[in-house]
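Residue strings, one per chain:
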Amino acid sequence: MSTAKAKPRLSPRSGCQGVAGQRGPGPAAERGDVVSFPPIAHYGVRVGLPYRHAGRSWNLSKSKPPVARWPLSCDRFALGVLRGETPGRPMPDPVGRIRPVTLGRQLRRPELPAVGARWCEAVLPAGSVYRFLARERARLFPPELFADLFQATGRRSVPPSILAVVMVLQRLEGLSDREAADRFAFDVRWRYAAGVADAVAGEESASFAHTVLVDLRARLRRSADPDRIFRVTTDLARAAGLVGVRRVLDSAPLEDAVATQDTVTLVRGAIRGLLRACPPPLAAKVRGLLRRDDDDSAPGKPACDWQDRAAREQLVDALVGDGYRAHFALRDQRLDGRVAEAAALLATVTGQDIEETCDGRFQIFDGTAPDRVISTVDPEARHGHKTAAHGFDGDKGHVAVDPDSEVITAAEVSPAATGDAAVAATLLGEVIADNQHGRQAARAVVYGDSAYGTGTNLAWLEQHRLTPMVKTQVPAGPGGRFAKDQFRVDLKAGMVTCPARVMVAVTPARRGGGRARFGVACSVCPLRQACTSSARGRVVTIGPQEATLAAARARQRDPAWQADYRATRPKVERKLAHLLRRRHGGRRARVRGLVRVAQDWKLLAAATNLARFAALGLRSTTSGWRVQPA
């Protein structure tokens, strides 16, 4: 008779203890040949599992409880944990490849109890976004919307309709991924909105790891339609008739998620980044040409006596010299994308703040270079100015809002140094498309502050048949002297008349416009002190879009124009306040890189739109979407 112990058998019954060949506890249980597990093990329940086997006991929840996130039988779940697998994460196969993931679908069991759902419906207000998502979730985020993100076969994913709801609520409440996963696990409002308020073991999702959200965002970024959640909200607004022909444009600063670096840290960090990106043979070649004895594995600033000016100047010269030597080592190499990107960053930071002296040394020049890279961690972040007195570092978020329904129709992110008018064409893309295809009978009207009132932007709006309700900056005279608008400009005749009634011809410029120089006439003019302090006399510059700007300034002096502008444009300020009311993920970006920040900004705009739909009482009916206020 064999004395070998029978292997413990895991029973699929809830809360049972299984021994080889039998169900329930048996004689072998006295010897510790038992594996105990809780009754719930599925993709959604956080569990801490106590195990006893061969006389030993341990608890897997001492450090961090395992989290199961796909429907598993108790056997598979417990055996997977014993083998060291982490439920809910893609497990590599024996050759190291990631197993494919297929689309997970949310199960529907109408016979299940609905205690949590009934409680939420009783206590949540009619305009709550939780009630709106619970009611319209299936129509907003059907499985087909995310089908292209997954493969036909493989491990089943957490249903993306659930994750879409979690991502929307996460952006509304300004939470991190870990906080959002915990909120979904324990907040009945979140679970009610996702349709799993009364989840049962093995039937519906009850929890998942925060990395599931990271994975879904990465899949969306790699897809052909990365902003589909925001597109769903804009399409819904158009289908419900909430979007008219008026648009209000504005922007807001988005502070970066990294520290702004000085020139020394930038150059050293770029050299370290190049060495990390190069393959070992090329990295050895680059390192062999560097003259500074530097431990490139340690981040931060190099050792230096920062109180000694000569030492600082010597360090800058040596660092920039090493930057040029590193580029010299790459001159005959065929570089892949990652190395080429690191080399371009090094060339940028070694040239943006550095000048060469007459004796061949490198030093930092006074001032700030335009479009300056401020961090090697996020090379796309820039210095920006919302006003002359308010500066920030990072990116800039832009929105276009329908002022009547207060729905965000377009959202975009640009580097902080980008002017607002440069993004207007992107924000108004759908309006221009409607004009080109004749889908819009009335002429669209665009509102904006003086940042959109440049001559080029005004001419572009007129070219695309858009009515500009954009404020144009009124010219101001330096030191309280005569401003440009106090001169009479006759563009047809090419003449400019000053307040003293002296007429001067405009000298044309090569790119349009020109200059009117009064010169000698100012030397004997009785109004000279109120006009100019230049010894060469007053010069009036005529821009290429001078006629467009003059018409805009005349238009905005109309009291009716001013009343319409003051009643409409401030609505976008309130919408930006909704977007930025939380610092984390609002005023301060929660991710790095322009692509990721733009994805997060558009997801925030989508979440804000959904909250607006809930407040308006939007409902789906048999005849389409309708606004039915409570």
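Look a little higher up for the structure.
Summary of the structure given here. (Residues numbered from 1 in each chain as written. Predicted model: local features only at pLDDT ≥ 70, side-chain atom pairs only at ≥ 80, totals over all residues. Heavy atoms only, no water.)

**Concerning the overall build of the protein**
Regarding its fold elements, the protein presents 20 helices and 22 strands. Counting over 630 residues, the protein shows a buried share of 46%. Contacts in the protein between residues far apart in sequence, at least 24 positions, make up 65% of those at least 6 positions apart. Entry remark: accessible area of the protein is about 31,900 Å², with carbon and sulfur atoms responsible for 52%. (Helix = DSSP H or I, 4+ residues; strand = E, 2+ residues; numbered from the N terminus. Buried < 20%, exposed > 50% of the residue type's maximum accessible area, 1.4 Å probe, protein only. Contact = heavy atoms within 4.5 Å. Areas by Shrake-Rupley, 256 points an atom, 1.4 Å probe, with all protein chains shown as cover.)

**Regarding the pattern of salt bridges**
Throughout the structure, instances matching the rule amount to 35 salt bridges. A salt bridge links arginine 583 to glutamate 255; the nearest nitrogen and oxygen atoms lie 2.9 Å apart. Of this pair, arginine 583 sits in the loop between α19 (570-579) and α20 (594-616) while glutamate 255 sits in strand β7 (residues 246-255), placing them 328 residues apart in sequence. The exposure class of glutamate 255 is partly exposed, given its relative accessible area of 24%. Here the salt bridges do not stand alone but share partners, grouping Arg171, Asp177, Arg217, Arg590 and Asp600 into one network. (Salt bridge = Lys/Arg side-chain N within 4 Å of Asp/Glu carboxyl O.)

**Notes on the sheet that holds strand β20 (residues 539-542)**
Taken together, the 3 strands give an open sheet; going across it, the order is β18-β19-β20, and neighbouring strands pair in antiparallel fashion. The sheet is open, and its two borders are formed by β18 (507-508) and β20, each paired with just one other strand. Sheet topology places β18 next to strand β19 (residues 514-517); 2 bridges connect them, and they run antiparallel. Bridge pairing in β19 links threonine 507 to arginine 515. (Pairing = 2+ DSSP bridges.)

**Focus on the nonpolar core**
Among the nonpolar cores identified, the biggest contains 82 residues, and Leu133, Phe141 and Trp601 are the most heavily contacted of them. Per element, the largest residue contribution to this core is 13 residues, and it comes from α20. Not counting the four nearest positions on each side in its chain, tryptophan 601 is found in contact with Leu254, Gly397, His398, Val399, Ala411, Glu412, Val413, Leu576, Leu579 and Leu580. By size, the runner-up hydrophobic cluster in this structure holds 29 residues, among which are Val264, Leu319, Ala329 and Ala343. (Core = buried A, V, L, I, M, F, W, Y, C linked by side-chain atoms within 4.5 Å.)

**What to know about the pairing of strand β13 (residues 445-448)**
By the alternation rule, side chains of β13 split into Val445 and Tyr447 and Val446 and Gly448, which are all buried. Note that β7 and β13 share 3 bridges and pair parallel. Pairing of arginine 246 across the sheet is with valine 445, part of β13. Pairing analysis gives 4 bridges linking β13 to strand β14 (residues 467-470), with the strands arranged parallel. Residue pairing across strands places tyrosine 447 opposite methionine 469, the latter belonging to β14.

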